[in-house]
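Listed here are the chains, written in short residue letters.
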Amino acid sequence: MHELSIANAILDAVRKERELLNGARVIKVGVRIGALAGVDPEALSFGFEVLVKDTDLDPLALEIESTLRRHECQHCKHVFTVVDYQVDCPACGSTETRCIGGDELELAYLEVEET
Amino acid sequence: MSRMPLEKKVLSENDRIAGRLRERFQERQVFCLNFISSPGAGKTSLLERTLESFSPSERVALLTGDIQTDNDARRLARFGFPVKQITTGGTCHLDARMIERALADWPLESLDTLLIENVGNLVCPSSYDLGEAAKVVVLSVAEGEDKPLKYPAIFFKSELMVLSKTDLLPYVSFDIGKAREYALQVHPGMEIVELSCKTGAGFDDWMKWLARRRESAKAEKVLASGQE
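Each helix and strand in chain B was counted, giving 8 helices and 8 strands. In terms of C-alpha radius of gyration, chain B reaches 18 Å, essentially the compact-globule figure of 17 Å for 228 residues. Principal-axis analysis of the C-alpha atoms places the extent of chain B at approximately 60 × 55 × 40 Å. Across the 228 residues in chain B, those meeting the buried criterion constitute 43%.

Below is the structure:
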């Protein structure tokens, strides 16, 4: 259960960005979480709600975008999402594929109120 | 209302400190490993036996993380190498700042190898880079062989899987072939070592991996400095 620490890191990052925006009101923060990130979106949402309440950032919404594991075929360069650990290339059948995404734990965007 | 793209890592602060640690390790030529497993998989036993088999002249030190107690540090200190306990007081993982703090009064120049035993937890430690050269995941045969599929993040991020407690295989229903297959599904090309700290079976394979990986880290460093 490290989602609380991660929620805290998101709030810190939002505060930092807000300073750069001269204190603009941030309404929503978008976070991207990959299937390989080891972070549970539900636990993160819950931790985030608890932590943001009654702070300077309240009300601040969290939107989570979940991403799947993605592989690139070493032979035909086909890029595909991996479901149920099927890592062989669906286009040419090659077993030599390389993971190119799916472990994201990123701040994707902020939604800010117009002044 | 306007939307601004950010594209930053959530744990950028941890990553920044981990990057600083990694630079220090590389400069001083310290080979650092981060050991992760669920509680009770045998990380401490593996490290005990590893320290025991090192010659006293080996320049190795150990950091061990737990939520409470310094039991592990006391177990590991018996071998005469420097050991420091990091007690997290509730936090379920080690982070880069804890490592930096623990190393503040340690002369890294006097070390070749730093072994970090993370808090027993198969989930949270996977998100926190500690500046290590590689992560090692330990899975004991007393657990389920499908753990790689259930906790893919850590098996994906670890270079080596140690299948521990193999002396128990006759008494448990653990399917070691399946465990290997699942780990390789999550992490194609992952290296795997089977061992028992109790009987010593397979232990040489682990020590060989350690020596080989340490050499390749050194070679990478030489290569990197050659390119500068």
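Turning to the sheet that holds strand S5 (residues 113-117) of chain B, a few remarks are in order. Residue and element names in this part refer to chain B. The strand order across the open sheet formed by 7 strands is S4-S3-S5-S2-S6-S7-S8, and the pairing between neighbours is parallel. Of all the strands in the sheet, just strand S4 (83-87) and strand S8 (191-194) have a single pairing partner and so form its edges. This sheet shows a mean twist of 20° between the axes of neighbouring strands, independent of strand direction. Alignment of strand S2 (residues 31-37) against S5, held across 5 bridges, turns out to be parallel. Paired with Asn-34 across the strands is Ile-116, a residue of S5. Running over the sheet, helix H2 (residues 43-53) touches S2, strand S3 (60-66), S5, strand S6 (134-140) and strand S7 (160-164) and is turned about 160° from S5.

Often, the extent of an interface is quoted as the loss of accessible area upon association of its parts. Listed as interface residues are 26 residues of chain B and, on the opposing side, 26 residues of chain A. Per-element tally for the side of chain B that touches chain A: the top contributor is strand S1 (residues 2-9) of chain B, with 8 residues. Taken together, the residues of the side of chain B that touches chain A break down into 16 nonpolar, 5 polar and 5 charged.

This brings us to the packing of helix H1 (residues 12-27) of chain B against helix H4 (residues 96-103) of chain B. All names here are of chain B. Running from amino to carboxyl end, H1 crosses H4 at an angle of 40°, the nearest separation of the two axes being 8 Å. Relative to H4, the element H1 lies oblique. Listed contacts from H4 to Asn-14, Ile-17, Ala-18 and Leu-21 of H1 are Ala-96, Arg-97, Ile-99 and Glu-100. Its residues assigned to classes, the contact of H1 with H4 comprises 5 nonpolar, 1 polar and 2 charged.

Bringing the environment of B:Leu76 into the picture now. Residue and element names in this part refer to chain B. With respect to the helices, strands and loops of the structure, Leu-76 is situated in helix H3 (residues 71-77). Along the sequence, Leu-76 and Leu-63 sit 13 residues apart, while their C-alpha atoms lie 9.7 Å from each other. The residues touching Leu-76, leaving out its near neighbours within four places in the chain, are Thr-44, Leu-47, Glu-48, Leu-51, Leu-62, Thr-64 and Val-83.

Along the chain, A:Ile27 falls in strand S1 (residues 26-34). Sequence separation of A:Ile27 and A:Ala7 is 20 residues, and the distance between their C-alpha atoms is 16 Å. Ignoring any residue separated from it by four or fewer positions in sequence, one finds A:Ile27 in contact with A:Leu60, A:Ala61, A:Glu111, A:Val112, A:Glu113 and B:Met1.

To continue, consider the nonpolar core. Counting 82 residues, the largest nonpolar core has A:Ile10, B:Val10, B:Ile99, B:Ile116 and B:Val162 as the members making the most contacts within it. The element best represented in this core is helix H1 (residues 3-20) of chain A, accounting for 6 residues. The contacts of A:Ile10, once residues within four sequence positions are left out, are A:Val29, A:Val31, A:Phe48, A:Leu107 and B:Val10.

Let's shift gears to unusual backbone geometry. Glycine aside, a negative phi is what most residues show, and trans is what most peptide bonds show. Residue and element names in this part refer to chain A. The residue after Asp-58, namely Pro-59, is reached through a cis peptide bond having omega -5°. Topologically, Pro-59 is positioned in the loop between helix H2 (41-52) and strand S2 (61-67). Here Lys-77, not a glycine, exhibits a phi torsion of approximately 65°, which is positive. On the secondary structure map, Lys-77 appears in the loop between strand S3 (70-73) and strand S4 (79-81). Positive phi, close to 60°, is recorded for Tyr-85, a residue that is not glycine. Assessed through the 15 C-beta atoms surrounding it within 10 Å, Tyr-85 is described here as partly exposed.

So, how was this worked out
- Numbers given to residues run from 1 along each chain, matching the order in which its sequence is written.
- The lettering of chains begins at A and the numbering of ligands begins at 1, in the order of writing.
- Reporting in this predicted model follows two pLDDT cut-offs: at least 70 for local features of residues, and 80 or more for side-chain atom pairs to be given and counted; totals over whole chains, interfaces and linings ignore these cut-offs and use all residues.
- The helix and strand labels rest on DSSP assignments: H or I over at least four residues marks a helix, E over at least two residues marks a strand, and numbering proceeds from the N terminus.
- Radius of gyration: over C-alpha atoms. The globule rule applied is 2.2 Å multiplied by the number of residues raised to the 0.38 power.
- Exposed residues have 12 or fewer other C-beta atoms within 10 Å of their own C-beta, buried residues have 20 or more, and residues in between are partly exposed; the C-beta atoms are placed from the backbone.
- Pairing between two strands is assigned when DSSP locates at least 2 bridges connecting them.
- Under this scheme, a helix contributes an axis fitted over its contacting stretch, all axes are lines through C-alpha atoms, and angles between N-to-C directions fall in the 0 to 180 degree range.
- What counts as a contact is two residues whose backbone-derived C-beta atoms lie within 7 Å of each other.
- Charged residues are taken to be Asp, Glu, Lys and Arg, nonpolar residues to be Ala, Val, Leu, Ile, Met, Phe, Trp, Tyr, Cys and Pro, and polar residues to be all remaining types, Gly included.
- These descriptions rest on fixed angle ranges, namely under 35 degrees for roughly parallel, over 145 for roughly antiparallel, 65 to 115 for roughly perpendicular, and the rest for oblique.
- By definition, a nonpolar core groups buried Ala, Val, Leu, Ile, Met, Phe, Trp, Tyr and Cys residues that are joined through C-beta atoms within 7 Å.

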